[in-house]
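In case you want the letters, here they are:
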Amino acid sequence: MSDLLEFKPQGIYCAAADVFIDPWRKVEKALITHAHADHARWGQQHYLAQADNALVMRERLGKDISLQTVAYGEVVMINGVKFSWHPAGHIPGSAQIRVEYRGEVWVASGDYKVEDDEFTPAFEPVPCHTFISECTFGMPVYRWEPQQKRYAEINQWWAQQAVLGKNCLLFGYSLGKAQRLLNGLEPTIGPIFVHPAIAQMNAALEAVGYRLPATLPLSTYNKKVHGTGVMVIAPPGAGGGNWEKKFEPYSDASASGWVQVRGNRRWQSLDRGFVMSDHADYPGLLQAIEACGAERVVCTHGFTALFSRQLRELGYNAREEHTLFSGESEQSEKSAEGEAG
Amino acid sequence: MDAFMKLFEALDQTTSTTAKTEALERFFSEADPRDQVWTIALFTGRRPRRLISSGQLRNWAVQQSGLSEWMVEECYAHVGDLAETLSLLLPAPQMQRAQPALHQLLNDLLGLQKADEAAKEAFVLHHWQQLAPTARFLFNKLLTGGFRVGVSEKLIVKALAKVYQREEAAITYALSGKWEPQQIDLEKLLYSNKSEDASKPYPFYLAYTLEGEPADLGEVIDWQAEWKWDGIRAQLIKRAGEVYLWSRGEELLNDSFPDLVEAAQELPDGTVLDGELVIMDDSGLRSFADLQQRLGRKKPGKKLLQQLPAGLLCYDLLEWENQDYRKYPLQARRTRLEACCSSLVSSRLAISEVIKAPSWADLVQARSESRSYQAEGLMLKRLDSTYESGRKKGDWWKWKVDPLSIDAVLLYAQQGHGRRAGLYTDYTFAVWDGDKLVTFAKAYSGLTDAEIKEVDKFIKAHTLEKFGPVRTVKPELVFEIGFEGIQASNRHKSGVALRFPRILRYRRDKLAVQANHLADLKALLRD
């Protein structure tokens, strides 16, 4: 008998229900874990996703896509297979998809983080027999400190630059990271400007009830009016653009998990790198796997070989599967944002 | 360690030279003088002697972290820096008492010279538990040797000159040569002069590459042209009856070149020569590859000395009769140098001839013939130039011949270290031999950051095989590889060895089948 979920050239496939989860090729029915470009791809005939993703997906994939939405925890039956979406803590609307059929339970994690960022619905462990886990940061050098410490560092950096008469340019992905950063900024330090790609995502999330601090469009910045000491949030793909000039003098920084390693931090040629990721760190991955009680773990995108070997040493039945999710570099997010502006 | 840690963080958190200089000035105005001496030493490449092996450190890190050995190795391969890998893998520090002073820490470390393994382990584990995360990373850096923070010696000199209100050249000179941070105090270091230390070399005057046309330099009559030899730059000192041979990297080369040291005994006391260290026998100049055989050898045997005798092609005189000559114009120094060299008996010390040329056109012609003289091009020096410290623009130029080049296919790739960790930046290139590709060179530099990212992405998506850290890449990308020289070699599969290979251009316009053939490469051997 074949597995409840299989890895096909098109994506993760459930034969019993004839649906795909986050397919990377065109299929008829696509169940979506979250709206990032490497998971919610363009061109599927029908999409089924958690409700918070609706506006974002329509912005990114087209107003006229065929999209059905569900609430967290709501059950959808397809051909006798029971599907439900559970918070993954990755970005607003992100979900783990639980699949149950004849008493067997699989959970496809999509992307997740276990630390509660106090903005995104927090990760919930979902008991299952088999857990398909991402492992973007499945290497023990990647351990995050509590996010409060990072926010403090970022705000301190901002306050320092304000004293020096400089502006701050902070780069983070337009969907998820940007809003999380906005949520952690101390708005009393100065006005906050955002790149159009981020403004668009902010509006899509505010429309479904997420609350964000007031921001100004990047194009409205005027040094005579606003002075220096302002904060600008922009996606990494927008770095190096002409718009940066009018914010001079500035200090620039990025917020990403990769900058945990000094070489990566220096490679980007920015002044600062703040270690902040929306993916679970190495201990977080282990914690999530333990919490869901799975005997079997399938590792996708990231340090799959390494992490599955580690899991086998810990006594799990673990293997790796190749997917087109962008574990290695978070590249697809960047290119998606390049298009957005 | 607090001041040093703060300095490191300030340097690490900016890409602006002004901000770096300010941080250094702050440090040199405020820090304990003993910490300053050590900081100067570390930042100018004087690392403490390595007393603890990386194997020992890895073992202890495996025990402390509870991770498997293979995992620690994988992490190291990913991070690219052992000191950093260990600091990321160790458990969070237990308690953070007041951090020890930098000089204290280093003195304690060097005190372990005769200690047994258990004492070394106790020392390392104690500090791993006590030091704050950044301090722990720096501590590991001290243990493992290398210390790069993106600060040039020039920047250090600039900051010291400002804080201590001295000439930059005086500081550069004070920091040159051999000194032990453990045995010298700041005052003595910064105000030392050669009367106390006969071995002390002068800072080398370094030339920039000539980018424009030589005629833009003015009248040819104001310039002296010499061959740019393909050896290594060296300074030969004879003082108080002793000879000292220094490399440009300020390494004392006496042990490797006893023949030259002996030949230099006939120089009068109080003489300092600047020249090119080369291998030369009765038939003339030998290749750089021959020199490399001598460079690696600490105590060369008789046979090697006979086969590959060393010599110095002298082109400048920095000291004569114990007098600093650097302030005199080149023309005057040259007259003295010629008189000095002509009186010598040994053939090991020869003058580097001046190229007589009545016009720039003659020099253009001479430059084009450089390779037949075993030279890499020409040096142009203004006749009235004084001998400066370090790299200065204006009076001295190197005017190298254009590199040889060949179009090659990228075949293997490996991740870089340091700033390039995590990206595939170390490449092995191949040319066609029939319908097979044969590798002939490795190159690391020459691409822009954006190109590196693009190539990295290609490599990750087109890996055919992995052997440990090395990936075999689908042979598709073509690069123009430049190099300064080529020699027959039986150590390489291709039968040739290249000098200074580097990437000149990413040839997006070429297909792999359009790359050069081994025969094209070998044809260059005959030229």
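As the structure is a prediction and not an experimental result, all values here were calculated from the model.

Attention now goes to a positive patch on the surface. Among the surface-exposed residues, B:K154, B:K158, B:K392 and B:K393 lie close enough to one another that they form a single positively charged patch. The exposure class of B:K154 is partly exposed, given its relative accessible area of 48%.

Attention now goes to the environment of A:L212. Relative to the helices and strands, A:L212 is located in the loop between α4 (196–206) and β14 (216–217). Ignoring sequence-local partners within four residues, the contact set of A:L212 consists of A:F119, A:Q179, A:L182, A:N202 and A:E206.

The tendency in soluble globular proteins is for nonpolar side chains to be buried as a group. In terms of nonpolar packing, the biggest core is built from 59 residues, with B:L24, B:F43, B:V124 and B:W128 touching the most fellow members. Apart from the residues within four sequence positions on either side, B:V124 is in contact with B:I52, B:L57, B:W60, B:F139 and B:L143.

So, about the interface of chain B and chain A. If you look at the interface, chain B gives 33 residues, while chain A gives 25 residues. Connecting chain B to chain A are two salt bridges. The partner of B:D12 in a salt bridge is A:R262, with the nearest N and O atoms 3.1 Å apart. Across the contact surface, chain B and chain A share ten residue pairs in polar contact (both at pLDDT 80 or more). Taken together, the elements giving at least two residues each to the side of chain B that touches chain A come down to α1 (2–12), α5 (69–79), α6 (82–89) and α18 (449–461) of chain B. The element that contributes the greatest number of residues to the side of chain B that touches chain A is α5(B), accounting for six residues. Split by residue class, the side of chain B that touches chain A holds 15 nonpolar, seven polar and eleven charged.

Looking now at the side chain of A:Q50. All names here are of chain A. Its place among the elements puts Q50 in strand β5 (residues 46–50). Of the polar contacts made by the side chain of Q50, one reaches the backbone nitrogen of D52; its length is 2.7 Å. When near neighbours in sequence (up to four residues on either side) are disregarded, Q50 contacts T69, V70, Y72, W85 and G93.

Strands pair in a sheet through their backbones, by hydrogen bonds, and they do so in one of two ways: parallel or antiparallel. Residue and element names in this part refer to chain A. Spatially, the seven strands line up as an open sheet ordered β7-β8-β9-β10-β11-β18-β19, and their pairing is mixed. The open sheet has two edge strands, β7 (75–78) and β19 (317–320), and neither has a second partner. For this sheet, the mean inter-axis angle between neighbouring strands, taken without regard to orientation, is 20 degrees. Relative to strand β11 (residues 130–135), strand β10 (residues 104–108) is paired through three bridges, and the arrangement is parallel. The residue bridging V107 from the neighbouring strand is F131, located in β11. Docked against the sheet, helix α7 (residues 282–292) engages β11 and β18 (296–302), running at close to 170 degrees with respect to β11.

All right, on to the pattern of salt bridges then. Summed over all chains, the structure comprises 43 salt bridges over all chains. One salt bridge in this structure joins A:K149 and A:E145, with 2.7 Å as the shortest N-O distance. The exposure class assigned to A:K149 is partly exposed, which follows from its relative accessible area of 42%. You can call A:E145 partly exposed: its relative accessible area is 31%. Residue B:D81 pairs with B:K141 through a salt bridge whose shortest N-O separation is 2.5 Å. Of this pair, B:D81 sits in the loop between α5 and α6 while B:K141 sits in helix α9 (residues 133–144), and the two are 60 residues apart along the sequence. Looking at B:D81, the relative accessible area reads 14%, which means it is buried. One network of salt bridges, with partners in common, ties together A:K113, A:E115, A:D117, A:R180 and A:D278.

What follows concerns the side chain of A:D22. Residue and element names in this part refer to chain A. Among the structural elements, D22 can be located in the loop between β3 (19–21) and β4 (29–31). Buried charge without a salt bridge: D22, with R41 as the nearest opposite-charge side chain at an N-O distance of 8.8 Å. A polar side-chain atom of D22 sits 2.7 Å from a polar atom in the side chain of H39. The contacts of D22, once residues within four sequence positions are left out, are L31, I32, T33, H39 and F325.

Residues and elements named next belong to chain A. Direction vectors running N to C along helix α2 (residues 147–163) and helix α3 (residues 177–184) enclose 75 degrees, while the axes themselves pass 10 Å from each other. Taken together, the axes of α2 and α3 lie roughly perpendicular to each other. Where α2 abuts α3, its residues Q147, Y151, I154 and N155 lie against R180, L181 and G184. Residues of the contact of α2 with α3, tallied by class, amount to three nonpolar, three polar and one charged.

All right, on to the domain arrangement of chain A then. All names here are of chain A. When its domains are assigned, chain A resolves into domain 1 (6–142 + 278–340) and domain 2 (147–275). On a C-alpha basis, the centres of domain 1 and domain 2 stand 28 Å from each other. Domain 1 puts 31 residues into the contact, and the matching count from domain 2 is 28 residues. Here domain 1 packs against domain 2, burying approximately 2600 Å² in sum over the two surfaces, 60% of which is carbon and sulfur. Between domain 1 and domain 2 we count two salt bridges in total. Residue R180 pairs with D278 through a salt bridge whose shortest N-O separation is 2.7 Å. On inspection of domain 1 and its partner domain 2, the count reaches ten residue pairs in polar contact (both at pLDDT 80 or more). Those elements that provide at least two residues to the side of domain 1 that touches domain 2 are α1 (54–61) and α9 (331–340). Looking at the side of domain 1 that touches domain 2 residue by residue, the class counts come to twelve nonpolar, five polar and 14 charged.

Now for the sheet that holds strand β2 (residues 208–209) of chain B. Residues and elements named next belong to chain B. Strand order across the open sheet formed by four strands is β2-β13-β11-β3, with mixed pairing between neighbours. Every interior strand has two partners, whereas the edge strands, β2 and β3 (223–229), have only one. The pairing of β3 with strand β11 (residues 375–382) spans six bridges and is antiparallel. Paired with W229 across the bridge in β11 is A375. Docked against the sheet, helix α16 (residues 330–342) engages β3, β11 and β13 (396–400), running at close to 60 degrees with respect to β3.

The rules behind these values
- Residues numbered from 1 in each chain as written.
- Chains lettered and ligands numbered in written order.
- Predicted model: local features only at pLDDT ≥ 70, side-chain atom pairs only at ≥ 80, totals over all residues.
- Heavy atoms only, no water.
- Patch = residues over 30% accessible without salt bridge, like charges linked within 9 Å, V, L, I, M, F, W, Y side chains within 5 Å.
- Areas by Shrake-Rupley, 256 points an atom, 1.4 Å probe, with all protein chains shown as cover.
- Salt bridge = Lys/Arg side-chain N within 4 Å of Asp/Glu carboxyl O.
- Lys, Arg positive; Asp, Glu negative; His and termini not counted.
- Charge placed at Lys NZ, Arg CZ, Asp CG, Glu CD.
- Buried < 20%, exposed > 50% of the residue type's maximum accessible area, 1.4 Å probe, protein only.
- Helix = DSSP H or I, 4+ residues; strand = E, 2+ residues; numbered from the N terminus.
- Contact = heavy atoms within 4.5 Å.
- Core = buried A, V, L, I, M, F, W, Y, C linked by side-chain atoms within 4.5 Å.
- Polar contact = N/O pair within 3.5 Å; in protein donor to acceptor, adjacent residues only side chain to side chain.
- Nonpolar A, V, L, I, M, F, W, Y, C, P; charged D, E, K, R; others polar.
- Pairing = 2+ DSSP bridges.
- Axes fitted to C-alpha atoms, helices over the stretch in contact; angles between N-to-C directions.
- Parallel < 35°, antiparallel > 145°, perpendicular 65-115°, else oblique.
- Domains from an automatic or database assignment.
- Buried area = accessible area lost by both parts, 1.4 Å probe.

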